[in-house]
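This is what each chain is made of:
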Amino acid sequence: MLQRTDVVIAGAGFAGLACAAALARRGLGVTVLERKREAGSGMHTTGILVKEAAALACPPPAATRRITEVRLYSPDMQCLRLVSPDYFFLATDTPALMREMSARTAALGVDIRYGEGFQGAGEEGAELCLERHGLRCKFLIGADGARSSVAEYFSLGRNRHYLVGAEAEFEGADDAARAFHCFISRRHAPGYLGWAVPGVGVTQAGLAVNNPHRPALRGFLDHIRDAAGLEGRRITGHRGGRIPAGGLVRPFARGNVILLGDAAGIVSPLTGGGIHTALHYGALLGEKIADHLLAGGAYPAARMARLYPRFHLKRAQRFIYERLARDGLVNAILQNPAFRLAAEQVFFRLQRLPPS
Ligand SMILES: Cc1cc2nc3c(=O)[nH]c(=O)nc-3n(C[C@H](O)[C@H](O)[C@H](O)COP(=O)(O)OP(=O)(O)OC[C@H]3O[C@@H](n4cnc5c(N)ncnc54)[C@H](O)[C@@H]3O)c2cc1C
């Protein structure tokens, strides 16, 4: 006998938890299946929240550090300092943030099953049967990351174009440090950037590169050691993963199975930031499913087809960046006012998502 619930979500990441919380607030039954054994373990992200994402995630203050300045370095290590009086980022203790989000979502009545990865589902009329999980539901959401098992199982669109990120975590960070260091270097980070950020009790430094390149972390860390204040700090951990960079996958839904977050490819192709979109569209998808189930609203996948971002402008900007950002050129134009303006747009102004 299968237990009936309204929605099953694969993945208790940012997207899955945001969607689950929105559904539970509307009184719907939700079960989240998560492959990891516990909340916050094995994180693959740097976990920097743009200001708008911070407002959605509400991280515990003790798990954050406010970042108020961006230092952008050219390949020859000239530095351009960018500040915006009305903008900030939050570096986070991401495992602590995930534990907090998980506890908040569970407190709304969501059944979160850790250590239970998605094992497949069959369609039976208008319902989905997840025999191996003992569940029957009306909607299944694939919020299981860039290499989604749900997408694979239901032959949905997959992320084909992506960046590969790798990061080291160093012990300690200066109390007064507030700068997010970004390094442009085609040699070390072809197609993207390197970064270093003072976090919560640690300093995180890494890079992402265009597939099929592989991130050469050690050489990059040597390159930035002085600028990022890494000298004398011990490495305490490593993380990394894929960052979708090709935009919305097609198709992102079939029947009552809908992809969300990295699984759907809704990550900014320009900045590689995906936490804000995961939280925003996770909550939105939850609302649209609730409207459909409780008030006969439109089919949620049709609604999301109009709402999910296509990133046309950001993909065009990325195309130009990949082709024009030669090291010599960047060295020559870093201090140019037009370059500063463009950089300020990317870091401080392009984070807003369209209203829903
Ligand atoms: C190195 C790196 C650094 C990054 N830094 C930033 C940053 O600083 N700021 C930012 O905004 N974005 C950053 N990103 C991108 C950001 O991390 C993602 O866009 C974001 O985590 C997407 O959230 P999500 O919930 O869709 O997916 P995820 O966070 O990947 O969550 C998916 C969840 O699904 C689970 N799962 C996987 N398979 C299964 C399965 N079969 N069954 C059940 N559960 C499953 C996973 O364990 C995971 O918990 C970074 C990415 C990388 C790789």
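Residues numbered from 1 in each chain as written. Predicted model: local features only at pLDDT ≥ 70, side-chain atom pairs only at ≥ 80, totals over all residues.

Undergrad: I'd like to hear about the sheet that holds strand 19 (residues 253-254), residue by residue, with values.
TA: Read from one edge of the open sheet, 6 strands run 9-3-2-13-20-19, paired in mixed fashion. Strand pairing shows two members of the sheet lacking a second neighbour, strand 9 (111-114) and strand 19, which therefore form its edges. Relative to strand 20 (residues 257-259), strand 19 runs antiparallel, the two sharing 2 bridges. Bridged to Arg254 within strand 20 is Val257. (Pairing = 2+ DSSP bridges. Helix = DSSP H or I, 4+ residues; strand = E, 2+ residues; numbered from the N terminus.)

Undergrad: With reference to specific residues and values, describe the packing of helix 1 (residues 14-25) against helix 6 (residues 275-295).
TA: When two helices pack together, their arrangement is given by the angle between their axes and by how far apart the axes lie. Contact geometry for helix 1 and helix 6: axes closest at 7 Å, N-to-C directions at 30 degrees. Between helix 1 and helix 6, the interaxial angle falls into the category roughly parallel. Like other packed secondary-structure pairs, helix 1 and helix 6 cross with a definite hand, here right-handed. Contacts between helix 1 and helix 6 pair Phe14, Ala15, Gly16, Ala18, Cys19, Ala22 and Leu23 from the former with Ile275, Ala278, Leu279, Gly282, Ala283, Leu285, Gly286, Glu287, Ile289 and Ala290 from the latter. (Axes fitted to C-alpha atoms, helices over the stretch in contact; angles between N-to-C directions. Parallel < 35°, antiparallel > 145°, perpendicular 65-115°, else oblique. Left-handed = near helix turned anticlockwise from the far one by under 90°. Contact = placed C-beta atoms within 7 Å.)

Undergrad: Go over helix 5 (residues 217-224), please, and point to the residues and values.
TA: An α-helical turn contains 3.6 residues, so any two residues separated by three or four positions project in the same direction. Along helix 5, the positions that sit buried rather than exposed are Leu217, Phe220, Leu221, His223 and Ile224. Taken around the axis of helix 5, the buried residues stretch over an arc of 155 degrees, which confines them to a single face. Turned more than 90 degrees away from the buried face of helix 5, the exposed residues are Arg218, Gly219 and Asp222. Lining the buried residues of helix 5 we find strand 14 (162-171), strand 15 (179-183), strand 16 (194-198) and strand 17 (202-210). (Buried ≥ 20, exposed ≤ 12 C-beta atoms within 10 Å, placed from the backbone. Arc of directions from axis to C-beta.)

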